[in-house]
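Next come the chains, spelled out residue by residue.
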Amino acid sequence: MTEPGFETPPQVDLRIDRAHSARVYDYLLGGKTNFPADREVGDRVMADLPGARADTTAARAVMHRMVRRLAEVHGVRQFLDIGTGIPTAPNLHEIAQAVDPACRVVYVDNDPIVLAHSRALLTSTTEGRTAYVHGDLQEPERFLADPGVAATLDLSQPVALTLINIVHFLSDEAAHPPVRKILDALPAGSFLALTAGTADIAPERMDKATRRYAEAGITLHFRTRERVERFFAGLELDEPGVVPVNHWHPDADAAVTEHKVSAYGGVGRKA
């Protein structure tokens with residue numbers, strides 16, 4: 001069931017004349033919730049980087065695998081997904097609830113367009129629950145205090161914090177403190193599942209991507225493997241550690257090759 005957590009934020013100018021990272025991501029995934037400004041950036045990125053759509057698809061696919069493993073192998077039944085983006089089926093709660101229909105998920109994003117679509121598309125099973133909370137990763141105190149979180153998640157029990165393709169829009173100084181605050185608020189046995197863009201694998205290609213996004217006013221912060229690993233400081237890394245996302249427990253029929261995937265991913269457990 002979908003109950004609390006859908007309060008409408010104050011009236012916001014959607015600025016559809018300007019590209020938005022969530023809508024560009026939706027376009028690269030082949031979605032339809034985007035506007036000309038978003039498609040213009042996406043087209044420029046794909047023109048410079050023929051593998052951009054494969055990168056985006058691979059990062060989405062690893063989220064599915066991470067959530068499935070967290071639910072099947074580690075027994076996680078609660079998820080806090082920050083930077084949800086435009087809902088794209090299957091959504092996180094659908095993956096988790098396919099393992100156990102009683103799984104509970106809170107989605108957090110700061111885009112009013114995401115809010116509108118979340119109301120229609122992020123509907124839970126009757127056994128479980130989903131909620132959408134309007135919030136920003138850089139203000140964890142605000143969304144953690146939202147009634148939708150308390151009504152959906154039991155913070156005395158393990159929670160998987162999922163940060164998929166979001167931290168590369170923030171510098172280390174902006175990203176690490178809020179991520180640590182959220183982890184500090186979660187009990188022992190909780191997990192962090194994170195993916196982050198990198199220039200390690202194809203530096204020239206990712207330098208072009210940085211410039212294209214910058215032209216649209218979107219700043220990217222690609223990280224080395226070592227800098228991605230810092231997000232897991234103090235956590236027990238699930239095997240195989242922080243690796244290119246297509247190497248993180250790949251499906252048997254995975255066809256994406258390493259040179260096309262410029263993102264790292266990993267899962268860590270809070271002891």
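Our subject in this report is the structure included herewith. (Residues numbered from 1 in each chain as written. Predicted model: local features only at pLDDT ≥ 70, side-chain atom pairs only at ≥ 80, totals over all residues. Heavy atoms only, no water.)

## Digging into the overall build of the protein
What the protein contains, in helices and strands, is 10 helices and eight strands. Counting the 271 residues in the protein, one finds 51% classified as buried. For the protein, contacts bridging at least 24 residues in sequence account for 76% of all contacts bridging at least 6. Of the roughly 11,600 Å² that the protein leaves accessible, carbon and sulfur atoms contribute 52%. (Helix = DSSP H or I, 4+ residues; strand = E, 2+ residues; numbered from the N terminus. Buried < 20%, exposed > 50% of the residue type's maximum accessible area, 1.4 Å probe, protein only. Contact = heavy atoms within 4.5 Å. Areas by Shrake-Rupley, 256 points an atom, 1.4 Å probe, with all protein chains shown as cover.)

## Concerning the pattern of salt bridges
According to the stated counting rule, one finds 14 salt bridges in the structure shown. Ionic pairing is found between R212 and D48, a salt bridge with its closest N-O pair at 2.7 Å. In this pair, R212 is assigned in helix α9 (residues 203–215) and D48 in helix α2 (residues 36–48), connecting sequence segments 164 residues apart. Residue classification places D48 among the partly exposed residues on the basis of a relative accessible area of 27%. For D172, the salt bridge goes to R227, with nearest N and O atoms at 3.1 Å. Pair noted here: D172 is in helix α8 (residues 172–185) and R227 is in helix α10 (residues 225–229), with a separation of 55 residues, a long-range link. Put simply, E40, R44, D48, R212 and E215 are held in one network by salt bridges that share partners. (Salt bridge = Lys/Arg side-chain N within 4 Å of Asp/Glu carboxyl O.)

## Quick notes on the pairing of strand β4 (residues 160–163)
Side chains A160 and T162 project from β4 onto one buried face, and the interleaved L161 and L163 project onto a second face that is buried too. With four bridges connecting them, β4 and strand β5 (residues 191–197) associate as parallel partners. Looking across to β5, one finds that T162 is bridged to A193. In this view, the connection linking β4 to its parallel neighbour β5 by way of α8 has right-handed handedness. (Pairing = 2+ DSSP bridges. Right-handed = clockwise from strand over helix to strand, strands pointing away.)

## A few points about the pairing of strand β1 (residues 78–82)
For β1, the buried fraction is high: five of the five residues fall into the buried class. Neither face of β1 is left uncovered, since the one carrying Q78, L80 and I82 and the one carrying F79 and D81 both have all their residues buried. Sheet topology note: the β1/strand β2 (residues 104–109) ladder contains five bridges and is parallel. Note that in β2 the partner of F79 across the bridge is V105.

## Description of the packing of aromatic side chains
A full pass over the atoms with the stated rule returns zero aromatic pairs. The positively charged end of R53 is found above the aromatic ring belonging to Y27, 5.7 Å away from the centroid. (Phe/Tyr/Trp six-rings, centres within 6.5 Å; stacked < 30°, edge-to-face > 60°. Lys NZ or Arg CZ within 6 Å of the ring centre and 35° of its normal.)

## A closer look at the packing of helix α1 (residues 21–28) against helix α3 (residues 52–72)
α3 packs onto α1 with a crossing angle of 100° between their chain directions and a minimal axis gap of 9 Å. Taken together, the axes of α1 and α3 are roughly perpendicular relative to one another. For the pair α1 and α3, contact is made by Y25, Y27 and L28 and by R53, T56 and R60, respectively. (Axes fitted to C-alpha atoms, helices over the stretch in contact; angles between N-to-C directions. Parallel < 35°, antiparallel > 145°, perpendicular 65-115°, else oblique.)

## Some thoughts on the packing of α2 against α9
In the contact formed by α2 and α9, the axes pass within 10 Å of each other and the chain directions differ by 165°. On the basis of the axis angle, α2 is roughly antiparallel to α9. Here the hand of the crossing between α2 and α9 comes out right-handed. Every residue of α9 that contacts α2 at V41, R44, V45 and D48 is listed here: K208, R212, Y213 and E215. Counted by class, the contact of α2 with α9 contains three nonpolar, no polar and five charged residues. (Left-handed = near helix turned anticlockwise from the far one by under 90°. Nonpolar A, V, L, I, M, F, W, Y, C, P; charged D, E, K, R; others polar.)

## Observations regarding α1
Within α1, seven of the eight residues are buried, which leaves the element mostly enclosed by the surrounding structure. Taken together, the buried positions of α1 are occupied by A22, R23, V24, Y25, D26, Y27 and L28. Two residues or fewer after α1 comes G30, characterised by a positive phi angle close to 90°.

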